Amino acid sequence: MQQFPCPFCGLRNEQEFHFAGEAGKIRPDTTRKVSAADWADYLYTQKNTMGEVREVWMHSPCAEIFILRRDSVSMAVLGVEQLRKNKP
Ligand SMILES: [Zn+2]
C-alpha cells in the first residue's frame with residue numbers, strides 16, 4: 001500500500017486520501033452564463049499528463065486540502081504544497 005504525506009498529519013495510507021482534481025484549473029466565471037459544455041469540461045476533463053503532475057488531494061481524517069506532486073508513471077511522491085497560509 002502506498003503512503004501519501006498529509007501536510008498536517010504526516011505519512012498516512014493512501015486509502016485515507018481523496019483525489020479532488022488537477023491543480024491550476026481555472027474555474028469558469030460564474031458571474032456570467034456558463035454553458036453546460038464548459039462546466040462539464042471544467043469538472044471532468046483532465047490532461048492525464050505522463051510524468052510529474054500537480055494535483056489537489058484531501059486527507060479525509062483531518063480534512064486538509066493540499067497539492068500533491070507525484071510522478072503519474074512511477075506513482076512516486078515528489079512533494080506536497082500546503083494551501084493554507086497559516087499553520088495550525
Ligand atoms: Zn491529515
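Conventions used here
Residues numbered from 1 in each chain as written. Predicted model: local features only at pLDDT ≥ 70, side-chain atom pairs only at ≥ 80, totals over all residues. Buried ≥ 20, exposed ≤ 12 C-beta atoms within 10 Å, placed from the backbone. Helix = DSSP H or I, 4+ residues; strand = E, 2+ residues; numbered from the N terminus. Contact = placed C-beta atoms within 7 Å. Pairing = 2+ DSSP bridges. Axes fitted to C-alpha atoms, helices over the stretch in contact; angles between N-to-C directions.

Novice: Could you give an account of unusual backbone geometry, naming the residues involved and the relevant values?
Specialist: Positioned with a positive phi, Asn48 is a non-glycine residue whose angle comes to about 55°. Since 8 C-beta atoms lie within 10 Å of it, Asn48 is described here as exposed. Its identity is not glycine, yet Met75 carries a phi of approximately 70°, on the positive side. Within the secondary structure, Met75 sits in the loop between β5 (64-71) and β6 (77-82).

Novice: How would you summarise the environment of Pro61 if you had to cite specific residues and measurements?
Specialist: The topology assignment puts Pro61 in the loop between β4 (52-59) and β5. Judged by C-beta crowding, with 11 C-beta atoms within 10 Å, Pro61 ranks as exposed. The spatial distance from the C-alpha of Pro61 to the C-alpha of Phe17 is 8.6 Å, given a sequence separation of 44 residues.

Novice: An account of the environment of Arg69 is needed here, citing residue identities and associated values.
Specialist: Topologically, Arg69 is positioned in strand β5. Of the residues examined, Arg69 has 15 C-beta atoms within 10 Å and is grouped as partly exposed. Put simply, Arg69 and His18 are 51 residues apart on the chain and 14 Å apart in space, counted from C-alpha to C-alpha. With sequence-adjacent residues up to four places away left out, Arg69 is seen in contact with Glu52, Arg54, Leu78 and Gly79.

Novice: Could you give me a rundown of the sheet that holds β6, with the residues and numbers involved?
Specialist: Ordered by their spatial adjacency, 4 strands build an open sheet running β3-β4-β5-β6, and the pairing between neighbours is antiparallel. A strand with exactly one partner marks an edge of an open sheet, and here the two such strands are β3 (17-22) and β6. Each neighbouring strand pair of the sheet contributes to a mean axis angle of 35°, computed without reference to strand direction. Here β5 pairs with β6 via 5 bridges, running antiparallel. For Arg69, the partnering residue across the bridge sits in β6 and is Gly79.

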